[in-house]
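# Topology and contacts: notes
So the chains spell out like this:
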Amino acid sequence: MKPTQIYQIAIILAFVALLEVLCLTKVIDKITMPAPHFILRDFFLMIIHGRYFHEVGQSMFNVMIAFVSAFVIGIITGTILHAYRLVRDVMDPLFATYYAIPVFAFYPLFIMIFGLGDGPQVLIGYMLGVVAVIVTILNGLDRVPRVLKKTARINRLSPFQTAIRVTLPFCAPFLLTAAKLALAYAFIGVIGSEFIMARSGMGYEIGHAYTNFDNATMYPLILLLLLISIFMNGILTAWEKVLLARRGQA
Amino acid sequence: MTSSAHVTLRGVTKVFPASDGGPGVHALGPIDIDIRKGEFFAVVGPSGCGKSTMLELLAGLTTPTEGEIEFEGKPIRDIPEGVGVVFQEDACFPWLSVEGNVAFGLRRSNLSADEKARKVAAVIKMMGLSEFSGTYPAQLSGGMRQRVCIARTLVVEPRLILLDEPFGALDQQTRLLMGDEVLRLWRETGATVFLITHALDEAAMLADRIGVMSARPGTLIDVVETKWPADRDSRIVERENFGALTSRLWKSLRDESMKTMGRMGI
């Protein structure tokens, strides 16, 4: 294990230990937050008894749909925009101001259009992520060396083959960054939407537990959400490291 | 086209249009030259004289504004079959191993997978990269990466090899050794080689004939025959007349280089 990883783990453990002390000494009262060892106990009980598995599965499924659609559509749109300078110039101001628009404000509109199902949550997760993917992929495509494009032409690759075999592979580190952003936004969009107006899902259960002072449910669910998010990001980060090491950029 | 000409340029001119609709930049020409089959032809000239433009025209990467270029008797309209290019910049694909980079050149080939693998292995061996076939470009030196690019070009057995300052980013010793390798490959493949370089000694060492270009718009102001034997290598620099040859090249180039420096305000 590298020293930086040891320090990272040490910082997390120190933070948990500090919380434990603050909770046990009642600096933080138990209605606000139970001691971390109680949270861990409730977490394991929740896992052992399979409570909320259905809700977790439903939320993760929606997160995955939002993530995959934002990622795939973002890459395709970014690649097309890169090929058409005029369209890109027209769209650039929208991308620059996109994140100033509170997407959640459209939630009532989405409910009117899609109803009270999972559609609005997925759409918000997708909308939050897709522009981040487009901007990241455009950034990557801008950096493809001209000589690689010339090499593709010398090897008689069509524009589509050039995209698939040269420019997108060159942008792989940017694709992984885009994937990480899309995943993070999918989590924020889907779980956040479930908080506001849903009748099921992890976000709804966390919100419901909060309004009922049910810390034995709320904190284990938050912990599970954290672990899932960290695990998925960890996979992408590990993949990114392998890729960058091959390219001498690690 | 003369009987032994492999590549012919007739009145070749390139003018880059100005973005503001102005008169444009006259970068090259008119150029008239025949390059013989199996010849090693080098072009030297001051910075910005249109050397690389000339190479891109031969590669079919761009089209002349005026004039005609023929390769094996056929006019070049697009990327011609049988032409390979090695660029100055590192053109290795960083996500592919040495083997993957070399095999990339055979992507369009109709050969079976076994035949392709055999061919790739043979070229990798010829370039002295066998030990590194599974290595990624980032783990190789600049000289080795350039050898990978040369291998990727050679694997398709081009009849015309275009070299655009291929050793420009390498140190002097590596350049001399790479020069030896290029001469060996030229002899082994029998291909016609067209080299762009700004290094007079490199051109003098490698080429059968050297075209000297004027400042922009680049035209050929002199063509020097080196009369070196085909089995030469970098030790040719020890010859007495090597100095005389580079001096002649510099004499032709000096005024043109001064013009370029004057334009650049140096």
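Everything numeric in this text was worked out from a predicted model, so none of it was measured.

## Some words on the overall build of chain B
Each helix and strand counted, chain B has seven helices and ten strands in total. In terms of C-alpha radius of gyration, chain B reaches 19 Å, essentially the compact-globule figure of 18 Å for 266 residues. With respect to the principal axes defined by its C-alpha atoms, chain B has extents near 50 × 45 × 40 Å. In chain B, which comprises 266 residues, the proportion classed as buried is 42%. Here the analysis covers contacts within chain B between residues at least 6 apart in sequence; of these, 70% occur between residues at least 24 apart.

## Topic: the overall build of chain A
Helix and strand content of chain A: eleven helices and zero strands. With the C-alpha coordinates of chain A rotated into their principal frame, the extents come out at 70 × 55 × 30 Å. Out of the 250 residues in chain A, the part that is buried amounts to 33%. In chain A, the proportion of contacts linking residues at least 24 apart, taken out of those at least 6 apart, comes to 73%.

## Focus: the sheet that holds strand E6 (residues 83-86) of chain B
All names here are of chain B. Spatial ordering of the open sheet is given by E6-E7-E8-E3-E9-E10, a layout of six strands whose pairing is mixed. Every interior strand has two partners, whereas the edge strands, E6 and strand E10 (220-225), have only one. This sheet shows a mean twist of 15° between the axes of neighbouring strands, independent of strand direction. Bridge count for E6 against strand E7 (residues 160-164) is four bridges, and the pairing is parallel. Residue pairing across strands places valine 85 opposite leucine 162, the latter belonging to E7.

## Side note on the sheet that holds strand E4 (residues 66-71) of chain B
All names here are of chain B. Pairing is antiparallel in the open sheet, where four strands are placed in the order E2-E1-E4-E5. At either margin of the open sheet sits one strand with a lone partner, and together these are strand E2 (25-36) and strand E5 (74-75). The sheet contact formed by strand E1 (residues 5-16) and E2 spans eight bridges and is antiparallel. By the bridge assignment, threonine 8 is partnered in E2 with aspartate 34.

## A closer look at the pairing of E10 of chain B
Residues and elements named next belong to chain B. Both strand E9 (residues 209-213) and E10 contribute to a ladder of five bridges, which runs antiparallel. Pairing of isoleucine 210 across the sheet is with valine 224, part of E10. Hairpin remark: E9 followed by E10, antiparallel, with six residues in the connecting loop.

## Re the domain arrangement of chain B
Residue and element names in this part refer to chain B. Parsing chain B into structural domains produces domain 1 (36-63 + 75-82 + 160-266) and domain 2 (90-157). Its C-alpha centre places domain 1 at a distance of 25 Å from the equivalent point of domain 2. Facing eight residues of domain 1, the contacting portion of domain 2 comprises five residues. Top contributing element to the side of domain 1 that touches domain 2 by residue count: helix H5 (residues 172-189), with four residues. Residue classes in the side of domain 1 that touches domain 2 are distributed as six nonpolar, two polar and no charged.

## Examining helix H10 (residues 202-211) of chain A
Listed in full, the buried residues belonging to H10 of chain A are Met202, Gly203, Tyr204, Glu205 and Ile206 of chain A. Turning to H10 of chain A, the residues buried within the fold contact helix H3 (53-83), helix H9 (172-197) and helix H11 (215-246) of chain A.

## Some remarks on the interface of chain A and chain B
Opposite the 14 residues of chain A that make contact, chain B presents 17 residues. Residue contributions to the side of chain A that touches chain B peak at six residues, all from helix H7 (residues 146-154) of chain A. Considered class by class, the residues forming the side of chain A that touches chain B number six nonpolar, three polar and five charged.

## Side note on the environment of histidine 82 of chain A
All names here are of chain A. Along the polypeptide, histidine 82 turns up in helix H3. In this structure histidine 82 comes out as buried when scored by C-beta crowding, with 20 C-beta atoms within 10 Å. It is 7.2 Å that separates the C-alpha atoms of histidine 82 and leucine 141, two residues lying 59 residues apart in sequence. Beyond its immediate sequence surroundings of up to four residues, histidine 82 is in contact with Arg88, Leu138 and Leu141.

## Some words on the environment of arginine 246 of chain A
Relative to the assigned elements, arginine 246 of chain A resides in helix H11. Once you skip the residues sitting within four places of it in the chain, arginine 246 of chain A turns out to touch Trp95, Tyr136 and Ala138 of chain B.

## Overview of the packing of H3 of chain A against H9 of chain A
All names here are of chain A. Contact pair H3 / H9: the axes reach a minimum separation of 8 Å and the direction vectors enclose 140°. By the angle between their directions, the pair H3 and H9 is classed as oblique. Note that H3 runs across H9; the crossing there is right-handed. Facing H3, whose interface residues are Ser59, Asn62, Val63, Ala66, Phe67, Ala70, Phe71, Gly74 and Ile75, H9 presents Leu175, Ala178, Ala179, Ala182, Leu183, Tyr185, Ala186, Phe187, Gly189, Val190, Ile191 and Glu194.

## Considerations on the packing of helix H2 (residues 36-48) of chain A against H11 of chain A
Residues and elements named next belong to chain A. Two numbers describe how H2 lies on H11: the axes approach to 8 Å, and their chain directions differ by 80°. In terms of their interaxial angle, H2 and H11 are classed as roughly perpendicular. Contacts between H2 and H11 involve Ile39, Asp42, Phe43 and Met46 on the former and, on the latter, Ala216, Tyr219, Pro220, Leu223 and Leu224. Considered class by class, the residues forming the contact of H2 with H11 number eight nonpolar, no polar and one charged.

Analysis parameters
Residues numbered from 1 in each chain as written. Chains lettered and ligands numbered in written order. Predicted model: local features only at pLDDT ≥ 70, side-chain atom pairs only at ≥ 80, totals over all residues. Helix = DSSP H or I, 4+ residues; strand = E, 2+ residues; numbered from the N terminus. Rg over C-alpha atoms; globule rule 2.2 N^0.38 Å. Buried ≥ 20, exposed ≤ 12 C-beta atoms within 10 Å, placed from the backbone. Contact = placed C-beta atoms within 7 Å. Pairing = 2+ DSSP bridges. Axes fitted to C-alpha atoms, helices over the stretch in contact; angles between N-to-C directions. Domains from an automatic or database assignment. Nonpolar A, V, L, I, M, F, W, Y, C, P; charged D, E, K, R; others polar. Parallel < 35°, antiparallel > 145°, perpendicular 65-115°, else oblique. Left-handed = near helix turned anticlockwise from the far one by under 90°.

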